[in-house]
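One letter stands for each residue in the lines below.
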Amino acid sequence: MSYQLAPNIELLFTEAGDYHDRVRAAAASGFTAVEMWGPTGADAPSTPKDLPALKAALEETGTQLTAQLSEPRTQFMIPPWDHSEFYRKLDEGVEIAHFLGTPRMVVGSGTGFGGWKRQVQLDKLIEIYQKAIAQIEGSGITLVLEPVNVRIDHPGSLLDRTSEGVYVAKGVDSPFFGVLYDIYHSAVEGEDMAAELANAGSIVKYVQLADTEGRGEPGTGSIDWPATLATLRSSGYDGPIGLEYYPTTESSESVKLIQKLADDA
């Protein structure tokens, strides 16, 4: 069975206009799923999302929204100790996820807790997310924790290693909490994909991709995509893959290679 690909509608099919029209454009290009960033437009306040229109487009086209970001973007710098805004907005995010039919919300680590040992910080993340999971218990929403590269895109972020994301997820110990494995971030950090996925096992609950260097579409960089998808398949992952890249050509053209490879994987 081929992988279900989910273009990120913040970056792809922007030629179509508003987010709901991007969903339609993605569906017209053969996709049955899309992903997005924050639901309320916090990442682009000048273009807040029209959620009813987005829902209508998803339903009209039969498209699944595979993932959305938790807002506000996770920032757990301590002090202060007050994380009430994160927890308050988490409930709002779950409501939006239910409205749009999204099964996953993406969370992160922020820049961590200045001056504390790394192990202490990772254990504190476990506490924070155990509380989050308890808060949304029964919602059916899975939180996926994303390690991100600090070499290019997210300097200063605490969680830059897949293995430490896995450590946190194992500590949270919930079927509704896992790791988002981003092939691009992992490659930029120089990780051995096969080893990381073997260590993670079923804790990987979502995958995203882009090519290196430049974070463009597959085929614009140095990643061997047939081998990469074969490694992913052999790891046992069979869920959707988010296309979170900056296209270097028209969106409908930029997806053709990865569509073909995903069909063959």
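So, a few notes on the structure that sits alongside this text. Predicted model only: the values in this text are computed from it and were never measured.

### A few points about the packing of aromatic side chains
Evaluated as defined, the whole model comprises 5 aromatic pairs. Seen in terms of ring centroids, F86 and Y129 are 6.0 Å apart; in terms of plane orientation they differ by 85°. Their pairing is edge-to-face. Placement of the pair is F86 in helix α3 (residues 84-100) and Y129 in helix α4 (residues 118-135), with a sequence separation of 43 residues. Side by side, F86 and Y129 carry an identical accessibility label, which is buried. One aromatic cluster is present, built from ring pairs that chain together F86, Y87, Y129 and F177. When the ring centre of Y19 is taken as origin, the NZ or CZ atom of R22, which lies over that ring, is 4.5 Å away. Just above the ring of Y19 sits the side chain of K49; from NZ or CZ to the centre is 4.3 Å.

### Focus on the pattern of salt bridges
According to the stated counting rule, one finds 17 salt bridges in the structure shown. Ionic pairing is found between D160 and R161, a salt bridge with its closest N-O pair at 3.6 Å. By relative accessible area, D160 is classed as buried at 12%. The salt bridge partner of R161 is E164, with a shortest N-O separation of 3.4 Å. Residue class for R161 comes out partly exposed when judged on its relative accessible area of 39%. Salt bridges linked by common partners bring E85, R88, K89 and E92 together as one network.

### Thoughts on the pairing of strand β6 (residues 142-145)
Burial of β6 is two-sided: the residues T142 and V144 facing one way and the residues L143 and L145 facing the other way are all buried. Between strand β5 (residues 104-107) and its parallel partner β6, the chain crosses via α4, and the hand of that crossover is right-handed. Pairing of β6 with strand β7 (residues 177-182) involves 3 bridges; the strand directions are parallel. Bridge pairing links V144 to G178 in β7. Between β6 and its parallel partner β7, the chain crosses via helix α5 (residues 162-172), and the hand of that crossover is right-handed.

What counts and how
- Residues numbered from 1 in each chain as written.
- Predicted model: local features only at pLDDT ≥ 70, side-chain atom pairs only at ≥ 80, totals over all residues.
- Heavy atoms only, no water.
- Phe/Tyr/Trp six-rings, centres within 6.5 Å; stacked < 30°, edge-to-face > 60°.
- Helix = DSSP H or I, 4+ residues; strand = E, 2+ residues; numbered from the N terminus.
- Buried < 20%, exposed > 50% of the residue type's maximum accessible area, 1.4 Å probe, protein only.
- Lys NZ or Arg CZ within 6 Å of the ring centre and 35° of its normal.
- Salt bridge = Lys/Arg side-chain N within 4 Å of Asp/Glu carboxyl O.
- Right-handed = clockwise from strand over helix to strand, strands pointing away.
- Pairing = 2+ DSSP bridges.

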